[in-house]
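# Close look at the chain arrangement
Each chain is listed here by its residues.
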Amino acid sequence: ALAPLIIHGAIGVTDFKAFIPTFCGNQLDFLIMVATFVVSLGLTVKEGLITGVVLSMLKLCGQVEDGTFRDVRYYPEGQMIPR
């Protein structure tokens, strides 16, 4: 009985207008945004935040020649895993 009230409150404070420019600008960021939102509603906010952080980090990490993972903005030779 409490879950619908919590979901209604979460939807009430969510700015859905921010989703549109994100979709037009960068669809990968949009997917991360939607995944974070869905996991937050489906599970808990903590899992939703973890999902958003992990997906955002995976978006930026690439494996360089020595086997370590680096930010592809600074190491453009990094290979995204998986392709």
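Residues numbered from 1 in each chain as written. Predicted model: local features only at pLDDT ≥ 70, side-chain atom pairs only at ≥ 80, totals over all residues. Heavy atoms only, no water.

## Considering the layout of surface pockets
- Considered as a void within the structure, the largest pocket measures approximately 170 Å³ in volume.
- Considering the residues around the largest pocket, the lining is formed by 10 residues, among which I6, I7, A10, S40 and L41 are closest to the centre.
- If you list the elements that add at least two residues to the lining of the largest pocket, you get α1 (2-12) and α3 (27-42).
- Its residues assigned to classes, the lining of the largest pocket comprises eight nonpolar, two polar and no charged. (1 Å grid on protein atoms, 1.4 Å probe; cavity = no way out; pocket = protein on both sides within 12 Å on 5 of 7 lines; lining within 4 Å. Points joined across faces, edges and corners; volume = space filled by probe spheres on them. Helix = DSSP H or I, 4+ residues; strand = E, 2+ residues; numbered from the N terminus. Nonpolar A, V, L, I, M, F, W, Y, C, P; charged D, E, K, R; others polar.)

## Digging into the packing of aromatic side chains
- Enumeration over the complete set of coordinates arrives at three aromatic pairs.
- Their ring planes at 85 degrees and their centres at 6.2 Å tell us that F19 and F30 sit as a pair that is edge-to-face. Here F30 lies in helix α3 and F19 lies in helix α2 (residues 19-25), a separation of 11 residues in the sequence.
- Using a relative accessible area of 14% as the deciding quantity, one classes F19 as buried.
- Each residue in the set F19, F23, F30 and F37 is aromatic and connected to the rest through ring pairs, giving one cluster. (Phe/Tyr/Trp six-rings, centres within 6.5 Å; stacked < 30°, edge-to-face > 60°. Buried < 20%, exposed > 50% of the residue type's maximum accessible area, 1.4 Å probe, protein only.)

## A few points about the environment of I7
- Take I7: it is sitting in helix α1.
- When the C-alpha atoms of I7 and L41 are compared, they prove to be 6.6 Å apart, with 34 residues separating the residues in sequence.

## Topic: the packing of α3 against helix α4 (residues 45-60)
- Running from amino to carboxyl end, α3 crosses α4 at an angle of 160 degrees, the nearest separation of the two axes being 7 Å. Our classification of the angle between α3 and α4 gives roughly antiparallel. The element α3 and its partner α4 pack so that their crossing is right-handed. The segment α3 lies against α4, with L28, D29, I32, A35, T36, V39 and S40 engaging V45, E47, G48, L49, T51, G52, L55, S56 and K59.
- Counted by class, the contact of α3 with α4 contains seven nonpolar, six polar and three charged residues. (Axes fitted to C-alpha atoms, helices over the stretch in contact; angles between N-to-C directions. Parallel < 35°, antiparallel > 145°, perpendicular 65-115°, else oblique. Left-handed = near helix turned anticlockwise from the far one by under 90°. Contact = heavy atoms within 4.5 Å.)

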